[in-house]
Amino acid sequence: MSKIKPEDVDRISEEMRRTILLREGVGRIRVIVHMDTCGIAAGARSIMKVLMEELEERQEIKDVLLITSGCAGLCNREPMVTVELEDESPVKYVDLTQEKIKRIFKEHVMNGKVVTEYILATETKG
Amino acid sequence: MKGYRTNIMVCAGTNCISNKSWEVKEALEAEIAKRGLEDEILVVPTGCVGFCAVGPIIIVQPEGIFYQSVKVSDVSHLVEEHFLKGKLVKSLMYVPPGEKEPIPKMKDIVFFRDQRLIALRSRGMINPERIEEYIGLDGYKALAKALTSMTPEEVIEEVKASGLRGRGGAGFPTGLKWESRKKAKDYPKYVICNADEGDPGAFMDRSIIEADPHSVIEGMAIGAYAIGASYGYIYTRVEYPLAIKRMEWAIQQAREYGLLGENIFGTGFNFNMGIFKGAGAFVCGETTSLVTSIEGRAPEPRQRPPRTELWNKPTVINNVETWANVPAIILEGAEWFSQIGTETSKGTKVFSLAGKINNAGLIEVPMGITLREMVYKIGGGIPNEKKFKAVQTGGPSGGCIPESLLDLPVDYERLTEAGAMMGSGGMIVMDENTCMVDVAKYFLEFLRDESCGKCSSCREGISAMLEIVTNICQGKGREGDIEFLEELGAAVTDTSLCGLGQSAPNPVLSTIRYFRDEYEAHIQERRCPAGVCKELIQYSINPEICTGCLLCVKTCPNEAIVGEKKRPQTINLDKCIKCGVCFEVCKFKAVVIT
C-alpha cells in the first residue's frame, strides 16, 4: 500500500461513518420493520431486503438506521413499517409491498414527505 | 465498508474470552449464516467492555441492547428471536441486584452511565484488529494534526496545558517530562510505553492494548514527534499473549499504511516501534529497571536522576493509559481536557475494580469522583449484603483506605495524604470478612518475592516485616511489634533506592494506621476479629441451631464432624483443619467461628 496522506485519513473515516453511526446508535431517521412470526409470514423479510438494497445503493446516506421489532399488534395489516424522523412523530405504514416500500423510501426517508395513502388510517385522524 | 443493519459487538477481551466469548462469536456467525442473515448482520469482536462480572457480554447496535452471560447454548434462540423476529430476549438482560425488571439498554445501566471515557473511548465500538475502524473513530487525525499544523514545541505546550499526569502511578506531569527530553540534544532519542502491569488484580493496561492498540501507537508517535525521537518500545510481559498479538498486528497495519516508518504523512518525520517482552518481574515496571531490561541486563533499578535513559540517550517513558490519552488531547484541545477532573488532577482515570464487589470490571471515571461513588454506585456495592471494610488502591505498594474516608475524592494528592496512592489504577475491595493483618501479610509476601535484592533495606526489610506480621497472624505477636513495624517501615521507605522499596511498607503502615485495633486484638487477645487467621480461630457448632442435616459432615474433607442424624453435630478439634467448608455450606448458620 502506498503512503497515506492526511486527507486519506479523512477519506477512510468518511467511509467508516455509516458503520460508526450505527454502532453509536445515532440516526436522524429510524426505519422500524415489524417482524415476528406474523410479519415474516406476511413478507416483512422481503421489505427488509428492499430497504437494505436501497441503502446499499445510496452510499451517501449515512444516518438511516434499519431496526427490527416484534409484532405491533395489527397482524392483519402486515407487513408494517414505522418511520421515525428526528423531532417528528412516528408514522406507521401498513399492507406494504416491495413497490410501496420503495416509494416510501424515496419520498419519506429521502425527502421527508409522508406517503399518506399507505399510512395506518387511524393515525391520520389524530 | 459494506452496510449492515445490525452490528453485534462481542466482547473479546481476555476476561470474556476466558468465559468462552470467542466460541459465542463463532456460534453467532454460524447461526446467522444458517438463517440467511449474513448480509444484514455483522458480528464484531471488540476489546474489553468493562463489565467483566457478567461476561461474556454482547451489545447489539444500533439499538444499544446489552446481553450478559451469553453462552453458546443461548445463541440459536437469540438469533431467532432478536435478529430474525426483532424480539428482545429478556432472559439475557442485566437485572440490577435486588431488582426484578431487566434493563435492555447499555446506556441505562448504572455501571456504564456514570463513566466518562477518554482512554477507553473506543470501548465496545471497534474491532481492534482493523485499523480502518480506529480511523473511523477519528483515529490518527491527531497525529496528522500534530505533524502538519503544530511544531513539536506547540505539542508539548498543549500537553502541558492539559494538565495530563502520568497514569502509571507517580503522577509526574507528562508535558514537563517531554519538555526536559526535548531540550536534550543527543540523538537518537526514544519513547517507551510502560505496559509492564504487575499489580495483582490490575488489568487496565492489558485491556487498553487489547481493545485499542492504535491509540497507544498514535500517542507514542505524537510524543516521539514532540521530543524528536525516532524509535519506540512497548514494554510488556509475555503473560499478556492477546495484548501482544493485537499490538503486533496493529504495528504491522500502521506500517503498511505508512503511519509508522519513514516520512510519515509526507512531513519528513520518521518513527518506528517494536514490542519488548519482559519475563514478568514486578520491578520492571520501575522505569530504570525497565530500561536496564531492554538493554539486556538484569533489571535492577539505578539512581535517578539521571538514569532513566535507554542506551544513555534521552528517553521518555509513559504508561499505556497516559499514551492513550494523548491523541484525544491533541484532537480536542488542552482546554477541553483540563475542564475534567480536580484542581491538581485533570482528566479521567481507568480503574480495575476487583475483590468483594458486585460489578467487578474495568471503569473510567473523571478525577475527583469519590471512592464511595465508585464502590457503591458504579461498583454496585458489596456482595451478599456484607459490610465494607476497606479498599486497597495503588497495587501491592498502595494502601488500604477505610470506610471513614470513602468520601475522599480520587486525585493524586488526596490518595497520597490518606496513605495510599493512585498507582496504576488497581482497586481491590475488601468486606468485613477480610483480616487486615492477613492482607498486609499477603502483599508483603508478594513484595518479598518481587524485590530485586539490590538494596538491603528492601530485601531484608520486607523479609523482616513479613516475619513479624506472620508471627502476629499465628498468635505469636509480642508487645512492641506494631511500633517496631512502624519504625522499620519508615526506614525501608527512607533508604530504598527505587519506588518498589520506598512504597513496600505501605500495606503494613496503612493497615496499622487505620486498623490498629485489629493488630492489637491479634497480639494482646490472640484473636482474629475477622475470623481469618487459622491459628487464632476455632470452628464449633451451635447445638441449639444445628438440625443434624449432615451437609457439613458430607463436605468436611477430614471427617472431623461427628454426630447422629437429626441431632446436633460436634467438631472434633483434633481433626479439624480449619478449612471453613462447614461454615460455608451450613444453611442454618449453626457453624460459628470463635
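These lines cover the structure that appears in this document, whether it is placed above or below. If you're wondering where the values come from, they're calculated on a predicted model, not measured in any experiment.

Along the backbone of chain A there are 6 helices and 4 strands. Reading the secondary structure of chain A in the N-to-C direction produces α-α-β-α-α-β-β-β-α-α. Across the 126 residues of chain A, 48% fall into the buried class. Sequence-distant contacts in chain A: of pairs separated by 6 or more residues, those separated by 24 or more amount to 64%. As displayed, chain A has an accessible area near 6,300 Å², and 49% of this comes from carbon and sulfur atoms. Between the averaged position of the 20 positive side-chain charges in chain A and that of its 23 negative side-chain charges there is a distance of 2 Å.

What follows covers the overall build of chain B. In terms of regular secondary structure, chain B is built from 23 helices and 18 strands. A globule of 594 residues ought to have a C-alpha radius of gyration of about 25 Å, and chain B, at 26 Å, matches this closely. Principal-axis analysis of the C-alpha atoms gives chain B an extent of 85 × 70 × 40 Å. The buried share among the 594 residues of chain B stands at 59%. Within chain B, counting contacts between residues at least 6 apart in sequence, those at least 24 apart form 70% of the total. Positive and negative side-chain charges in chain B, numbering 68 and 76 respectively, have mean positions lying 2 Å apart.

Time to look at unusual backbone geometry. Of note, the bond from Glu78(A) into Pro79(A) is cis; its omega dihedral lies within 30 degrees of zero at 0°. Summarising the element assignment, Pro79(A) is placed in the loop between strand S2 (64-69) and strand S3 (81-85). With an omega dihedral of -5°, the bond running from Tyr187(B) to Pro188(B) counts as a cis peptide bond. For Arg526(B), which is not glycine, the phi torsion reads 55° and is therefore positive. Note on placement: Arg526(B) falls in the loop between helix H21 (506-524) and strand S15 (539-541). With a phi angle near 70°, Leu550(B) is a residue other than glycine that sits in the positive phi range. With respect to the helices and strands, the residue Leu550(B) is situated in the loop between S15 and helix H22 (551-555). Leu550(B) gets classed as buried once you look at its relative accessible area, which sits at 18%.

What follows is about the interface of chain A and chain B. Facing 34 residues of chain A, the contacting portion of chain B comprises 43 residues. When the area that chain A buries against chain B is broken down by residue, the three leading residues are Ile4(A), Leu22(A) and Arg23(A), summing to 22%. The tally of links between chain A and chain B comes to 3 salt bridges. The shortest N-O distance in the salt bridge between Glu40(B) and Arg45(A) comes to 3.1 Å. At the level of secondary structure, the elements contributing two or more residues to the side of chain A that touches chain B comprise helix H1 (6-15), helix H2 (17-24), helix H3 (36-42), helix H4 (44-57) and S2 of chain A. Residue composition of the side of chain A that touches chain B, grouped by class: 15 nonpolar, 8 polar and 11 charged.

To continue, consider the packing of aromatic side chains. All names here are of chain B. A complete count under the given rule lists 17 aromatic pairs over all chains for this structure. Ring centres of Tyr 235 and Phe 276 lie 5.4 Å apart, and the angle between their planes is 20°; on these two criteria the pair is classed as stacked. Highlighted residues: Tyr 235 in strand S6 (residues 231-237) and Phe 276 in strand S8 (residues 269-278), separated in sequence by 41 residues. According to the relative accessible area criterion, Tyr 235 is buried, its value standing at 1%. Seen from their ring centres, Phe 269 and Phe 271 are 6.2 Å apart, and the 10° between their planes marks the pair as stacked. Overall, Phe 269 belongs to the buried group, its relative accessible area being 10%. Since its relative accessible area comes to 1%, Phe 271 is described here as buried. A connected cluster of aromatic rings, assembled from ring pairs, spans Phe 51, Phe 66, Tyr 94, Phe 111 and Phe 112.

A few words on the sheet that holds strand S4 (residues 65-67) of chain B. All names here are of chain B. Taken together, the 4 strands give an open sheet; going across it, the order is S2-S1-S3-S4, and neighbouring strands pair in mixed fashion. A single partner strand is all that each edge strand has here, and the edge strands are strand S2 (41-46) and S4. The mean angle between the axes of side-by-side strands here comes to 20°, regardless of whether they run parallel or antiparallel. Pairing analysis gives 6 bridges linking strand S1 (residues 6-11) to S2, with the strands arranged parallel. Within S2, the residue paired with Asn 7 across the bridge is Leu 42.

Turning our attention to the pairing of strand S10 (residues 348-355) of chain B. All names here are of chain B. In terms of residue burial, S10 counts as a mostly covered element, since 7 of its 8 residues are buried. Where S10 lies against strand S11 (residues 361-366), 6 bridges are found, and the strand directions are antiparallel. By the bridge assignment for S11, Thr 348 is matched with Pro 366. Hairpin geometry of S10 and S11 is characterised by an intervening segment of 5 residues between the two adjacent antiparallel strands.

Here the focus is the packing of helix H17 (residues 436-450) of chain B against helix H18 (residues 456-473) of chain B. The angle between the axes and the distance between the axes are what describe a pair of packed helices. All names here are of chain B. Where H17 meets H18, the closest approach of the two axes is 9 Å, and the angle between their N-to-C directions is 150°. Between H17 and H18, the crossing angle belongs to the class labelled roughly antiparallel. In the crossing of H17 with H18, the sense of the turn from one axis to the other is left-handed. The residues of H18 that touch H17, namely those facing Val 437, Asp 438, Lys 441, Leu 444, Glu 445, Leu 447 and Arg 448, are Ile 462, Ser 463, Met 465, Leu 466, Val 469, Thr 470, Ile 472 and Cys 473. Residue composition of the contact of H17 with H18, grouped by class: 9 nonpolar, 2 polar and 4 charged.

Another aspect to go through is the sheet that holds strand S1 (residues 29-34) of chain A. Residues and elements named next belong to chain A. Read from one edge of the open sheet, 4 strands run S2-S1-S3-S4, paired in mixed fashion. Edge strands, defined here as strands with exactly one partner in the open sheet, are S2 and strand S4 (91-93). Strand-to-strand twist of the sheet, defined as the mean angle between neighbouring strand axes without regard to direction, takes the value 20°. Strands S1, S2, S3 and S4 of the sheet are contacted by helix H5 (residues 98-109), whose axis makes an angle of about 10° with S3.

The next subject is H18(B). Residues and elements named next belong to chain B. Its 18 residues give H18 an end-to-end C-alpha distance of 25 Å, which sits within 8% of 26 Å, the value for a rise of 1.5 Å per residue. Those residues of H18 that sit buried are Ser 457, Cys 458, Gly 461, Ile 462, Met 465, Leu 466, Ile 468, Val 469, Thr 470, Ile 472 and Cys 473. Close packing links the buried residues of H18 with H17, helix H19 (481-495), helix H20 (499-503) and H21.

The rules behind the values
- Residues numbered from 1 in each chain as written.
- Chains lettered and ligands numbered in written order.
- Predicted model: local features only at pLDDT ≥ 70, side-chain atom pairs only at ≥ 80, totals over all residues.
- Heavy atoms only, no water.
- Helix = DSSP H or I, 4+ residues; strand = E, 2+ residues; numbered from the N terminus.
- Buried < 20%, exposed > 50% of the residue type's maximum accessible area, 1.4 Å probe, protein only.
- Contact = heavy atoms within 4.5 Å.
- Areas by Shrake-Rupley, 256 points an atom, 1.4 Å probe, with all protein chains shown as cover.
- Lys, Arg positive; Asp, Glu negative; His and termini not counted.
- Charge placed at Lys NZ, Arg CZ, Asp CG, Glu CD.
- Rg over C-alpha atoms; globule rule 2.2 N^0.38 Å.
- Buried area = accessible area lost by both parts, 1.4 Å probe.
- Salt bridge = Lys/Arg side-chain N within 4 Å of Asp/Glu carboxyl O.
- Nonpolar A, V, L, I, M, F, W, Y, C, P; charged D, E, K, R; others polar.
- Phe/Tyr/Trp six-rings, centres within 6.5 Å; stacked < 30°, edge-to-face > 60°.
- Pairing = 2+ DSSP bridges.
- Axes fitted to C-alpha atoms, helices over the stretch in contact; angles between N-to-C directions.
- Parallel < 35°, antiparallel > 145°, perpendicular 65-115°, else oblique.
- Left-handed = near helix turned anticlockwise from the far one by under 90°.
- Expected span 1.5 Å × (residues − 1).

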